Amino acid sequence: MNIVNQTISLSLGLAAAFSLGAAGKCRAEKISKLPQKPNILFCIADDQSFPHAGAYGCGWVKTPAFDRVAKHGVLFTNAYTPNAKCAPSRSSIITGRNSWQLEEAGNHVSYFPDKYKSFFEVLKERTDYVVGFTGKGVAPVTVSPGRELTGQAWDSDKMVPPATGMNKNDYATNFKNFLDHKPGGKPFCFWYGSTEPHRPYEEASGIKKGNKSPDQIPTVPKFWPDDATVRSDMLDYAFEIEYFDQHLQRMIELLEARGELENTIIVVTSDNGMPFPRSKGTEYELSNHMPLAMMWPAGIANPGRKITDYISFIDFAPTFLELAGVKDPVAAGMQPLQGKSLTSILRSRKDGRVEPGRNYVLLGQERHDVGRPGDVGYPVRSVLSEGMLYIRNFEPDRWPMCDPETGYLNTDGSPTKSHILEMNRTGENNYFWQLCFGKRGSEEMYDVRKDPDCLDNLITKPEFSLLAGKLKQQLSDQLTAQGDPRMFGNGKIFDAYPYAGPEKDFYNRYMRGEIKANNANWVNPTDFEKTIKK
């Protein structure tokens, strides 16, 4: 019996056991008539941190669609991306492997190796699923001609967004176009990849167009100054999250109107943390901790649950493949999956901790954006276990957010970034600069339950030395078992992989002194070309 039959049978059994009225019988009859395989709608924001959604109690970000998914499904409170940068995070999602297991694809702006097949490709080749995406798929990566990591693109319909900087893609209408062209009766797997809340933002759009007030934000992370500049920047970020959520709402309503909502599993998350200093591109709570909610009326038992199990993005691929009936992903052409299916959590009726073994996640990074001599990265590996985050920085002599001369390119340009850099330049405040851009030690450890901002480094405190040793050993054992090159003295291979973006040539010319650049407001390496002064 495949996993979807089991899920439907369980739903029927629960309805018989707990429902005493006609409403329960009607629901059971409705579920029994559903197709065996669920549709899959995977919705991923671009640069949204946990806990910035209403379902988590965040009042300054309004997300009614995300909240609906959580209310009628399950809300995860400990979901993490293995790598807090767009391309490697998304690469882990589609392959079910950690970024250090993906060769070039473990870097940002990379060439995606042919050997790593995506679950979308498997669904298209080995099942009757129709696959496609709108917006941002697995990017920025370069793939071999003809490859479609997330299926065919559906991006033809455009609209005027409420603020400059937002994508003109009418995501919801393009999803409708996909459904209109899908052969009748076939299940689908669709990737909704918003580019919001990725920068750039229209400055003060949150206040002027989102009708938000700086006073709505109860607390500002302690590694940024708490002032009008930062609060306004955070509200612009919130306004963009809400735009992502509006398209999600339209997609849900579309499925409901077509009678396909009942047997569609909707997954809503983000790829990495918010595009602010000491968040995206680092290895702390705000960088890797992601929002995650799943709804599937026909398949999730006891909806409305909150799950505290530790979830990694590598768990998505095995979940979707299992639900689609793919029993052997390796036989279908994929490399062995590192993640573990979430179907038992979806079928469970438990709140809180469901699977005792899900009590930790592994995190890491290699090269993100260029901005150091030789295009080298900033290698990090971490383990987060029961609220304790242990971090190992392999090259502490390097600048973690890229060199000062290149504008700390691994931090997106923003009013907050410029503000912190200016405070440091004028001597007004060095503390925020040190936290956001300064060099770090070879080891760090934080209790994220008490210290979510990761400011109190416990690594040097004698009372935590035993725990630090255990976490360090756990990290080493797990990475060794996964074949991480860093554990075998081959870590430099990540620095040797070619950078696939056009920015590399400009950076190398800059380092040779052939060009000069005004780098104060670079958003990302793509802006390098725009700021060149010959």
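Scroll up to find the structure this text is about.
Nothing here was measured: the structure is a model prediction, and the numbers come from that model. (Residues numbered from 1 in each chain as written. Predicted model: local features only at pLDDT ≥ 70, side-chain atom pairs only at ≥ 80, totals over all residues. Heavy atoms only, no water.)

Residues and numbers for the overall build of the protein chain, please.
The helix and strand tally for the protein chain stands at 17 helices and 17 strands. Considering only residue pairs separated by 6 or more positions, the protein chain has 73% of its internal contacts joining residues 24 or more positions apart. (Helix = DSSP H or I, 4+ residues; strand = E, 2+ residues; numbered from the N terminus. Contact = heavy atoms within 4.5 Å.)

Which residues make up the packing of helix H8 (residues 228-257) against helix H12 (residues 415-425), and what values do they have?
H12 packs onto H8 with a crossing angle of 160 degrees between their chain directions and a minimal axis gap of 9 Å. The angle between H8 and H12 places the two elements in the roughly antiparallel class. Relative to H12, the crossing made by H8 is left-handed. Across the interface between the two elements, Thr-229, Val-230 and Asp-233 from H8 touch Pro-415, Thr-416 and His-419 from H12. (Axes fitted to C-alpha atoms, helices over the stretch in contact; angles between N-to-C directions. Parallel < 35°, antiparallel > 145°, perpendicular 65-115°, else oblique. Left-handed = near helix turned anticlockwise from the far one by under 90°.)

Tell me about the sheet that holds strand S12 (residues 360-365), and name the residues and values.
The strand order S12-S13-S14-S15 describes an open sheet built from four strands, whose pairing is antiparallel. Among the strands making up the open sheet, the edge pair consists of S12 and strand S15 (443-447). Strand-to-strand twist across the sheet, computed as the mean angle between neighbouring axes with direction ignored, equals 15 degrees. Here S12 pairs with strand S13 (residues 380-385) via six bridges, running antiparallel. Counted as the bridge partner of Gly-364 is Arg-381 from S13. Each of S12, S13, strand S14 (388-393) and S15 is contacted by helix H14 (residues 465-481), which is oriented at about 115 degrees to S13, the strand it contacts most. (Pairing = 2+ DSSP bridges.)

I'd like a description of unusual backbone geometry, backed by residues and values.
Put simply, Phe-50 and Pro-51 share a cis peptide bond, and its omega is 5 degrees. Look at the link from Ala-139 to Pro-140: it is a cis peptide, with omega at -5 degrees. For Pro-140, the position within the fold is in the loop between strand S4 (130-135) and strand S5 (141-142). One non-glycine residue, Asn-211, lies in positive phi territory at about 55 degrees. Note that Asn-211 resides in the loop between helix H7 (205-208) and H8. In the Ramachandran plot, Asp-375 falls in the positive-phi region, its phi being about 60 degrees despite a non-glycine side chain.

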